[in-house]
Amino acid sequence: MTTTLRPTGPIQHGAGGAKSRQYRVCVNSRPVGTIELCTDHRFGPSVGRIASLRIDEQDRRRGRATVAVLAAEEVLRGWGCTRVEASITAQAAAARHLASALGYVVRSRNMLKRLPVEPPSLPADSEGRPMSGPEYELWIERTRQGYVRSLMGRGIPEDQARAKSESDHSSALPDGRHTPDTYLGVLLHDGTQVGTLWVALRPVRPGMPGAFVFDVEVAAEHRGRGHGRALMLLAERETRAAGVAELGLNVFADNTPAVRLYESLGYETTDYHLYKQLL
C-alpha cells in the first residue's frame, strides 16, 4: 500500500513569503486523514511547520502518520525550508513518541497553573515593586539582546534574530513600562535588587491562559538562593491581584533547574514544542 499527500487546494500565499497548504493523507487513493503545512510566521519562509496532523481512528497504528510526516518534510524542503517545527499536546504521548523516533527534538514546553484564591506570601526579607524608568531601560536592552542570542542558538541568522527581537518586544510592550495589563517589576531582598519579572496580565494569543510570564531572571551573583521561586510567587501575586486565575509560561527543554522549580510550584506541562533540521 502507498501512502501519499494530496492537496485539497492551491498553496496560500501571505506576507513575507509565507505559505500554507492543506492535504489529504491517502492510502492507494483512499483518504485516511489530513495534514496542514505552513511556513512559521515567527521565523520567516525558511522555517516550516506541521500545523496539524490527523489520521482516522481505524487507520492508526499502521505507519500512516510516519509516512505522512516524512512526505510533509519533502514538501517543506521543496518550499526551501531548512527546519520544521511542530507542537504536540502533553496528552498526545503517541505523537511525541513518533516525533522522537523521526528525529524531532523538544525545544521548549508550555506550562500552566491554576492559581489558588489566596495569593502566596513572599519569603521573609523579600519584596517586589514596579521597575523605575532607568531600571526599565537597562532591563529592556538586556532582554532584547538575550532574546537575540536565544534565537541565534536556534539557527536563526543574526539579522533576522535582531529584527524579530525588536518587532516582538515593540509589539508586546508598545507603551514600554506603561503598557496596560502588564507587570514589569524587580525583586528586592534585604533592600538589594536580585531579579526582574515581566508578566502579561492578559491573554497574549488565542487559546493561551489569562496571564503569561514572559521573562523571569535572577541576577547571576544572586542565583541558587531561592530568588527564582520568590519571583514566581511575585508573578502569582500580581496575577491574582489583576483578577486572573491562571498563569502560564514557556521554558526551554534544557533549562532543567527552571523546569524543576515550576513543577515544584504546581505548574503542569500543556504542550511540547519540537523542531528538526531538514538536511
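Residues numbered from 1 in each chain as written. Predicted model: local features only at pLDDT ≥ 70, side-chain atom pairs only at ≥ 80, totals over all residues. Heavy atoms only, no water.

Enquirer: Is there a simple way to explain the pattern of salt bridges in this structure?
Expert: Pairing of side chains with opposite charge becomes possible as their charged atoms draw close. Counted according to the given criterion, the structure contains 21 salt bridges. As a salt-bridge pair, Lys276 and Glu73 come within 3.1 Å of each other at their nearest N and O atoms. In this pair, Lys276 sits in strand β13 (residues 268–277) while Glu73 sits in helix α1 (residues 64–78), placing the two residues 203 residues apart along the sequence. As far as the burial class goes, Lys276 and Glu73 line up, both buried. Its salt-bridge partner being Arg109, residue Glu263 comes within 3.6 Å of it at the nearest N-O pair. Placement of Glu263 in helix α6 (residues 256–264) and of Arg109 in strand β7 (residues 105–114) is noted, with a sequence separation of 154 residues between them. According to the relative accessible area criterion, Glu263 is partly exposed, its value standing at 42%. For Arg109, a relative accessible area of 17% gives the class buried. (Salt bridge = Lys/Arg side-chain N within 4 Å of Asp/Glu carboxyl O. Helix = DSSP H or I, 4+ residues; strand = E, 2+ residues; numbered from the N terminus. Buried < 20%, exposed > 50% of the residue type's maximum accessible area, 1.4 Å probe, protein only.)

Enquirer: Can you help me understand the nonpolar core in this one?
Expert: Proteins that are soluble and globular tend to have nonpolar side chains buried together. If you look at the biggest cluster of nonpolar residues, it comprises 27 residues, and the most contacted ones within it are Val199 and Tyr262. Those elements that place two or more of their residues in this core are β9 (182–189), β10 (192–200), β11 (211–218), α5 (227–241), β12 (246–252) and α6. In terms of residues, this core owes the most to one element, α5, which gives 6 residues. Grouped together as the second largest cluster of nonpolar side chains are 26 residues, Ala68, Ala72, Leu76 and Val84 included. (Core = buried A, V, L, I, M, F, W, Y, C linked by side-chain atoms within 4.5 Å.)

Enquirer: Explanation requested: the environment of His227 in the structure shown.
Expert: Topologically, His227 is positioned in helix α5. The spacing of His227 and Leu122 is 105 residues in sequence and 9.9 Å in space, taken between C-alpha atoms. Apart from residues lying up to four places away in sequence, His227 is in contact with Leu187, His189, Val194, Val218 and His222. (Contact = heavy atoms within 4.5 Å.)

Enquirer: Got a minute to help me understand the layout of surface pockets in this structure?
Expert: Any empty space left between atoms is shown by rolling a water-sized probe over those atoms. By volume, the second largest pocket amounts to about 660 Å³. Lining the second largest pocket are 25 residues, with Leu53, Ala65, Ala94, Ala95 and Leu98 sitting closest to its centre. The biggest single contributor to the lining of the second largest pocket is strand β5 (residues 47–55), with 5 residues. Looking at the lining of the second largest pocket, its residues break down into 15 nonpolar, 4 polar and 6 charged. (1 Å grid on protein atoms, 1.4 Å probe; cavity = no way out; pocket = protein on both sides within 12 Å on 5 of 7 lines; lining within 4 Å. Points joined across faces, edges and corners; volume = space filled by probe spheres on them. Nonpolar A, V, L, I, M, F, W, Y, C, P; charged D, E, K, R; others polar.)

Enquirer: Please clarify how the side chain of Thr179 should be interpreted in this entry.
Expert: Here Thr179 lies in the loop between α4 (158–172) and β9. A residue is classified by how much of its surface remains accessible, and Thr179, at 6% relative accessible area, is buried. A distance of 3.0 Å separates the side chain of Thr179 from the backbone nitrogen of Asp175, its partner in a polar contact. At 2.8 Å, the side chain of Thr179 and the backbone oxygen of Gly176 are in polar contact. (Polar contact = N/O pair within 3.5 Å; in protein donor to acceptor, adjacent residues only side chain to side chain.)

Enquirer: For this particular structure, what's the right way to read the environment of Arg154?
Expert: Turning to its location among the elements, Arg154 is positioned in the loop between α3 (133–153) and α4. Among the residues examined, Arg154 registers a relative accessible area of 16% and is labelled buried. For the pair Arg154 and Trp79, spaced 75 residues apart in sequence, the C-alpha separation works out to 20 Å. Sequence-distant contacts of Arg154, that is, excluding residues within four places in its chain, are made with Phe43, Arg83, Glu85, Arg107 and Phe252.

Enquirer: Would you mind going over α3 with me for this structure?
Expert: Owing to its 3.6 residues per turn, the α-helix brings residues three or four apart onto one side. Look at α3: 30 Å from first C-alpha to last across 21 residues, which is about the 30 Å you get at 1.5 Å a residue. Residues Glu135, Tyr136, Trp139, Ile140, Thr143, Val148 and Leu151 constitute the buried set of α3. Of the surrounding elements, those touching the buried residues of α3 are β8 (126–130), α4, β9, β10 and β11. Directly beyond the C-terminal end of α3, a positive phi value near 90° is found at Gly155. (Expected span 1.5 Å × (residues − 1).)

Bear in mind that shape data such as this cannot, by itself, settle questions of function.
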